[in-house]
Amino acid sequence: MTIDKSWTTIRRRGSSNEFWNGLQHFLQMAKPFVNDRGFIKCPCRRCLNNASHQLEDLESHIFRNGFMFGYNQWIHHGEPATANAGTTVAGPSGGIHERDEMFDVLDDIISEDADEDAVGGPSSNDQYDDLFAALRSELYPGVSYFSSLNFLVKLMHLKVLNKWTNKSFDELLKLLKLAFPKIDLVESHYEAKKLMTKMGLGYSSIHVCKNDCALFWKENSLKDTCPVCSESRWKLQSGKRSGKNVPHKVLRYFPVGPRLKRLFATSKTAKLMRWHSTGKSKDNDVMRHPVDGKSWQKFDKRHPQFAGDVRNVRLGLAADGLLIPGPQSPGKDMDVFLCPLIDELKELWVHGLDTRDATYENGVFRMRAALLWTVNDFPARSSLSGWSGQGYRACPTCNEDTPSMRVIGKTAYFGHRRFLATNHHWRSNLQFDGRTERKRPPRRFSTTDILEQLRRVKTGIPGKHPNYGGVKRKRGDDELNWRKKSIFYELPFLLGTLLADPHKSKDTDSARRDLAKLGIRHELHLFEDGNKLMKPAADYTFSEANRRKFCRFIRSVKFPDGFACNMSKKVAQNDSRLLGLKSHDCHVIMQRLLPVGYMVEAQKQLVLILCKLERIFPPAFFDIMIHLVLHLPEEAILGGPVHMRWMYPFERYLKRLKDYVRNAAKPEGSIAEGYVVDEALTFCSRYFDDVETRFNRPDRNDDGMHPTRQLSVFESQCKPLGKQSYVELDNNDRDKAEFYILNNSPELEPYLNEHKQELHVRLREGCLNINEVHRTEFAGWFFEKIYAMHRMQAPEVTTELLSLSSKTNMVVSSYPACIVNGVRFVTHDRDVRLRTQNSGVSVPGTGQEMFYGQLQQILEFSYLNGFSVVLFRCKWFKCDSKHMVTENNITSIDINGEAYKDDQFILASQAKQVFYVADPSRGPNWCVVQHVKHRSIWDITDDGLSDIDLLQHNSSSNFTLFVDLGNLQEINLLRRDQDVIPIVQPVTNASRPVTDDSSFLNDADEIELSDEEDESVEEYADEETDAENDIDTEEDDDDRKRSIYGINISYSLSKNQFHSRLKFIYY
């Protein structure tokens, strides 16, 4: 009998039943030829018949390493020497393992090490033997569809997904053992975790000096004392080591290279690693990925060999994810902990790693990687870059030219007039800070300039030992704000004021004294009244009544389901403050609840805005975070979309990592162990289709799969929610609904045109009622025509077309809520009782206009043969110029006016969700319309255009930035409805005389202007922009009274009363 040996050449062994069946047949044939100790030669590509193992180990060896080349006659495993190896015999069935997903999992894990014949040698790691043993084992005798490993991995996945405790998992295992005594399962969570970690990628434990001086790593790995401060590596008791050596600190480093290799070796993710090339937008004006940013493009031009292979990886580093041991931040010693990462990044850049690409046969390539960005907050940036984020030169972009000044108790980043054009009239205005601004914008610092600055930085001793690195030193003037030369330079490829909250407001007593010191805005200076110090109420803050009014407005806002948190819970019970706002809540408030504009020519406009704000707010308002807004547009141009670079996903993930802590005394170790297990389970879950995982979990508003129809109107379906009721429409409403369905069926357009042509012939030319006749008669005409064609057995008359031509049932199903295309809609009657708002709808018109309304009824019309159509019955608002106003890309509508009472129906599939926010500035019935793009609903066209919002995948605020604060030359900022606020403070301390201080201003009063043209001026403000374009001269806006949600913020002008709405900026 001949033997089929073709299975020995199959590479993707885990996904091939042929390989598994052939292997089982080989083992059965070899079983009688084991020696007296149960050993037999192993023909895997590593052992090459030179080593012997037990028969059960042969299975894992051959499956992991593949069958050796050249072993054509299996003389050591039962095949006679005369056997013909070229013919075929069917092997036995693969049994329980034929459909086990874990084969694919282990196959991809093993293939992370490139094939031996391609990269020069197999792995010698036997860590997979236990996994193969569990894969061979039946979960329970007779259960042929579940291996023990498969069941355990899915059970662990459910534990992680549903946040079971370790104790509850142990109790579940005990219960399973008790109920099924013969079940092949581990005894505890500890044993399960040990097995799971073999599918993970692990981490390295590196000991650290107690003073953060150095790592016991590489050349220091065998030392017992720190090479810098000579402190012991180990914890001592009474000056001696006792028992097991316990290090003071342990750094847990998760290597980058193996994790990148797994992404390529896994068939589920390998294609995604090239998406930046295959999915890149074709429109040069669209930015939806960092590949569209200037930094990526410039890097590719500088390193064409690296860019030549699209599989080479660009990395970003999130500093918040570093597992730094100890309760304190490493501060200036961050570079000590980054040494392993930098060392690996150098290796990935210079030599790369041999990597298996699962999308290609024999696709072994040399993968290289480069670090392009860091993702961190501003304080962490100081630790990583070495440039201090404090002091007069805190801005890393402006560098030594940072506009700053010393005010009482802090440094203010004030003086943005220097970014204006040199001929701008605001430069000579004394009401900003009492001085004429003659400085040019900060110059652009080249790479050579930065390296020259770093050359002057003195190299400090690392660590916090009081006699070594802990000795404080004064930074020299030539070192600017550099505290160190960052270790990243070793990489070869890299050279609350409005609310007047006393706890958060920057309108402090010291801020008012700063105004007196500058000699500006005299109406806001502190003054004495008897034995009290009085503080005039500023017009840029809310009065007590208006503050409560604003808080009540926030409390009343209702968002769509899943859009944002319940804002009413963020307002104090007495409506005086906003409490517990997260960063996402603040973004929602600024982008959705306050008038918002986005920046087109943002760099120029932001300079004007900051200058205007300097004219209104005191200098103490301008901390470094206000100044940094100026550089955000440039960062977007360089780095790409902000949602790829902000901290939200990392902050959310850190919360998950903290949940891994089971031992509060060793949080870092708990997080590391929990992460490795979760990493393995996440990898395995990509292969599971029969259980819920992170990758196939249904969305919150999942409407399921609807059958595909020939007629598109029959695809207007929904997932109904709530109790079903039945309503009987009158004939008029039923006729209107049926005609709307027919008229919105694109497949019926030939019949609609034919009927209109007949009407033109039958009715006299110019009849004004032809459309009305068409609406009332088409349904009957269409029914007769289709049934006549049906009797003639016309092939174009399908079951769907015949059903659509028939009348709907008299009784219509009605629902209070439904889900359509992943969006939850609720009728208005029910919506008013909820804390969310899901009844707002909009549909586009035939032109550019939009129609807005509220959902009144959800109706399902039934046809013959089980077909149905879901319609929305809506109350539509008037959209004429009297009832709808759009200013600065913000649309307000009067919801009291109703229109289109005879045309209330739309298909459920046509509806787009909006929500309405009260706009009391226009009246009690006016609302601002907010469009919504829901999560996980993407609108990416074939030409690469994307409509993904930066905040929450909602409608993008792609608006021209416009902030009109009127003529700021002669503004009086004194609030009229509240004169003064008494300050409980001795007059003697508060009314001290103002004296000149040489350290008050950072820069010289005057600078000689060079005749040489400064290119940086053109980058921030167009030289051709003259004064008349910068001054707001529209008298209509000056005379119009405006307010922020009913709260009047007025500025008293010398000639007339000016009212303005504040426009807030979100980027």
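Here the structure is a predicted model, which means the values were calculated and not measured.

Novice: Before we move on, can you summarise the overall build of the protein chain with the specific residues and values?
Specialist: In terms of helices and strands, the protein chain carries 32 helices and 32 strands. For the protein chain, the proportion of its 1067 residues judged to be buried stands at 50%. Surface summary for the protein chain: the accessible area is close to 52,600 Å², and the carbon and sulfur share equals 50%.

Novice: Account for the pattern of salt bridges, with residues named and values stated.
Specialist: Under the definition given, this model contains 36 salt bridges. A salt bridge links E452 to R455, with the nearest nitrogen and oxygen atoms 2.5 Å apart. Taken as a pair, E452 and R455 lie in helix α15 (residues 447-455) at a separation of three residues, close to a single helical turn. Using a relative accessible area of 59% as the deciding quantity, one classes R455 as exposed.

Novice: Requested: an account of the packing of aromatic side chains, with residues and values cited.
Specialist: Inspection of the entire model under this criterion finds 33 aromatic pairs. For the pair F299 and W349, a centre-to-centre distance of 6.0 Å together with 65° between the ring planes defines the contact as edge-to-face. Of this pair, F299 sits in helix α11 (residues 294-302) while W349 sits in helix α13 (residues 334-350); the two residues are 50 residues apart in sequence, bridging distant segments of the chain. When the centroid spacing of 6.0 Å and the interplanar angle of 50° are considered together, the rings of W426 and F432 count as tilted. An aromatic cluster is present here, built from W7, F19, W20, F26, F63, F67 and W74 joined pairwise through their rings. A cation over a ring is seen here: K154 above F688, with NZ or CZ 5.1 Å from the ring centre. Just above the ring of F683 sits the side chain of R262; from NZ or CZ to the centre is 4.4 Å.

Novice: Which residues make up helix α7 (residues 166-179), and what are the values?
Specialist: The terminal C-alpha atoms of α7 lie 20 Å apart, and with 14 residues this matches the ideal 20 Å at 1.5 Å per residue to within 8%. Among all positions in α7, only F169, L173 and L176 are buried. The buried residues of α7 occupy an angular sector of 60° when projected down its axis, which confines them to one face. Exposed residues pointing more than 90 degrees away from the buried face of α7 are listed as K167, K174, L175 and L178. Check the buried side of α7 and you find it contacts α6 (148-162) and α8 (189-197).

Novice: Outline unusual backbone geometry, supporting the account with residue identities and numerical values.
Specialist: Phi is positive for D212, which is not a glycine, with a value near 65°. A relative accessible area of 4% places D212 in the buried class. The phi dihedral of Y900 is positive, around 55°, even though this residue is not glycine. A relative accessible area of 41% means that Y900 is categorised as partly exposed.

Novice: Which residues make up the sheet that holds strand β3 (residues 204-208), and what values go with them?
Specialist: If you walk across this open sheet you meet the three strands as β4-β3-β5, and the pairing is antiparallel. The open sheet has two free edges, formed respectively by β4 (215-216) and β5 (249-253), since each of these has just one partner strand. In the sheet, β3 pairs with β4 via two bridges, with the strands oriented antiparallel. Pairing of V208 across the sheet is with L215, part of β4. Here α13 sits on the sheet in contact with β3, β4 and β5, set at roughly 25° to β5.

Novice: Lay out the sheet that holds strand β18 (residues 817-820) in plain terms, naming residues and giving numbers.
Specialist: The sheet built from three strands is open, its strands ordered β15-β18-β19 with antiparallel pairing. Since the sheet does not close on itself, it has two edges, and those belong to β15 (719-721) and β19 (823-826), each with one partner. Taken pair by pair, the neighbouring strands of this sheet meet at an average axis angle of 25°, ignoring direction. Here three bridges tie β15 to β18, and the two strands are oriented antiparallel to one another. Across the sheet, residue K719 finds its bridge partner in β18, namely I819.

Novice: Tell me what's going on with the nonpolar core, and back it up with residues and numbers.
Specialist: If you look at the biggest cluster of nonpolar residues, it comprises 57 residues, and the most contacted ones within it are L23, F26, M102, L149, V153, M196 and M199. No other element matches helix α1 (residues 17-30), which puts seven residues into this core. Apart from the residues within four sequence positions on either side, M196 is in contact with L149, L152, V153, M156, V677, A680 and L681. Grouped together as the second largest cluster of nonpolar side chains are 48 residues, L742, W781, V797 and L801 included.

Novice: Please provide a residue-by-residue account of the packing of α6 against α7, values included.
Specialist: The contact between α6 and α7 brings their axes to 11 Å, and the two run at 145°. With respect to the hand of their crossing, α6 and α7 are arranged in right-handed fashion. Only N166, F169, L172, L173 and L176 of α7 make contact with α6, whose side of the interface consists of F151, L155, M156 and K159.

Novice: Explain the pairing of strand β24 (residues 890-894) residue by residue, including any values.
Specialist: Most of β24 is tucked away: five of the five residues are buried. Neither face of β24 is exposed, since I890, S892 and D894 on one face and T891 and I893 on the opposite face are all buried. Examined bridge by bridge, strand β23 (residues 884-887) and β24 share four bridges and lie antiparallel to one another. Looking at the pairing, T886 lines up with T891 of β24. Two elements, β24 and strand β28 (residues 926-931), share three bridges in a ladder whose sense is antiparallel. Of the residues in β28, the one forming a bridge with D894 is W926.

Novice: Give a detailed account of the environment of K244, specifying residues and quantitative values.
Specialist: For K244, the position within the fold is in the loop between β4 and β5. Taking relative accessible area as the criterion, K244 reaches 74% and is therefore assigned exposed. C-alpha of K244 to C-alpha of W234: the two residues are ten residues apart in sequence and 9.6 Å apart in space.

Novice: Could you give an account of the side chain of R314, with specific residues and numbers?
Specialist: Here R314 lies in strand β6 (residues 313-318). Judged by relative accessible area, R314 falls into the buried class, the value being 12%. Within the structure, the side chain of R314 is placed 2.6 Å from the side chain of D300, a separation counted as a polar contact. A distance of 3.3 Å separates the side chain of R314 from the backbone oxygen of N312, its partner in a polar contact. Residue contacts for R314: discarding those within four places in its chain leaves H276, W296, D300, F306, A307, A370 and L372.

Novice: Outline a nonpolar patch on the surface, supporting the account with residue identities and numerical values.
Specialist: A contiguous nonpolar patch, built from Y726, M810 and V811 and spanning about 300 Å² of accessible area, is present on the exposed surface. Its place among the elements puts Y726 in strand β16 (residues 725-728). Take Y726: its relative accessible area is 55%, and that puts it in the exposed class.

Novice: Got a sec to walk through the environment of K719? Specific residues and values, please.
Specialist: With respect to the helices, strands and loops of the structure, K719 is situated in strand β15. For the pair K719 and H706, spaced 13 residues apart in sequence, the C-alpha separation works out to 9.4 Å. Beyond its immediate chain neighbours, meaning those up to four positions away, K719 contacts D702, D703, C818 and I819. There is a polar contact of 3.5 Å between the side chain of K719 and the backbone oxygen of D702.

Novice: Outline the pairing of β3, supporting the account with residue identities and numerical values.
Specialist: Here five bridges tie β3 to β5, and the two strands are oriented antiparallel to one another. In the strand pairing of β5, S204 is matched with Y253. Between β3 and the antiparallel strand that follows it, β4, lie six residues; D212 among them carries a positive phi value of about 65°.

Novice: Describe in detail the packing of helix α24 (residues 731-743) against helix α26 (residues 770-791), supporting the description with residues and values.
Specialist: In the contact formed by α24 and α26, the axes pass within 10 Å of each other and the chain directions differ by 75°. Judged on the interaxial angle alone, α26 and α24 are roughly perpendicular. Every residue of α26 that contacts α24 at K736, F739 and L742 is listed here: H774, R775, F778, A779 and F782. For the contact of α24 with α26, a count of residues per class yields five nonpolar, one polar and two charged.

Novice: Please provide a residue-by-residue account of the environment of Y140, values included.
Specialist: Position of Y140 relative to the elements: it lies in the loop between α5 (129-136) and α6. Given the relative accessible area of 25%, Y140 is considered partly exposed. Expressed as a C-alpha distance, the spacing of Y140 and D184, which sit 44 residues apart in the sequence, is 6.2 Å. Ignoring sequence-local partners within four residues, the contact set of Y140 consists of F180, P181, K182 and I183.

Here is what the cut-offs are and how they apply
Residues numbered from 1 in each chain as written. Predicted model: local features only at pLDDT ≥ 70, side-chain atom pairs only at ≥ 80, totals over all residues. Heavy atoms only, no water. Helix = DSSP H or I, 4+ residues; strand = E, 2+ residues; numbered from the N terminus. Buried < 20%, exposed > 50% of the residue type's maximum accessible area, 1.4 Å probe, protein only. Areas by Shrake-Rupley, 256 points an atom, 1.4 Å probe, with all protein chains shown as cover. Salt bridge = Lys/Arg side-chain N within 4 Å of Asp/Glu carboxyl O. Phe/Tyr/Trp six-rings, centres within 6.5 Å; stacked < 30°, edge-to-face > 60°. Lys NZ or Arg CZ within 6 Å of the ring centre and 35° of its normal. Expected span 1.5 Å × (residues − 1). Arc of directions from axis to C-beta. Contact = heavy atoms within 4.5 Å. Pairing = 2+ DSSP bridges. Axes fitted to C-alpha atoms, helices over the stretch in contact; angles between N-to-C directions. Core = buried A, V, L, I, M, F, W, Y, C linked by side-chain atoms within 4.5 Å. Left-handed = near helix turned anticlockwise from the far one by under 90°. Polar contact = N/O pair within 3.5 Å; in protein donor to acceptor, adjacent residues only side chain to side chain. Patch = residues over 30% accessible without salt bridge, like charges linked within 9 Å, V, L, I, M, F, W, Y side chains within 5 Å. Parallel < 35°, antiparallel > 145°, perpendicular 65-115°, else oblique. Nonpolar A, V, L, I, M, F, W, Y, C, P; charged D, E, K, R; others polar.

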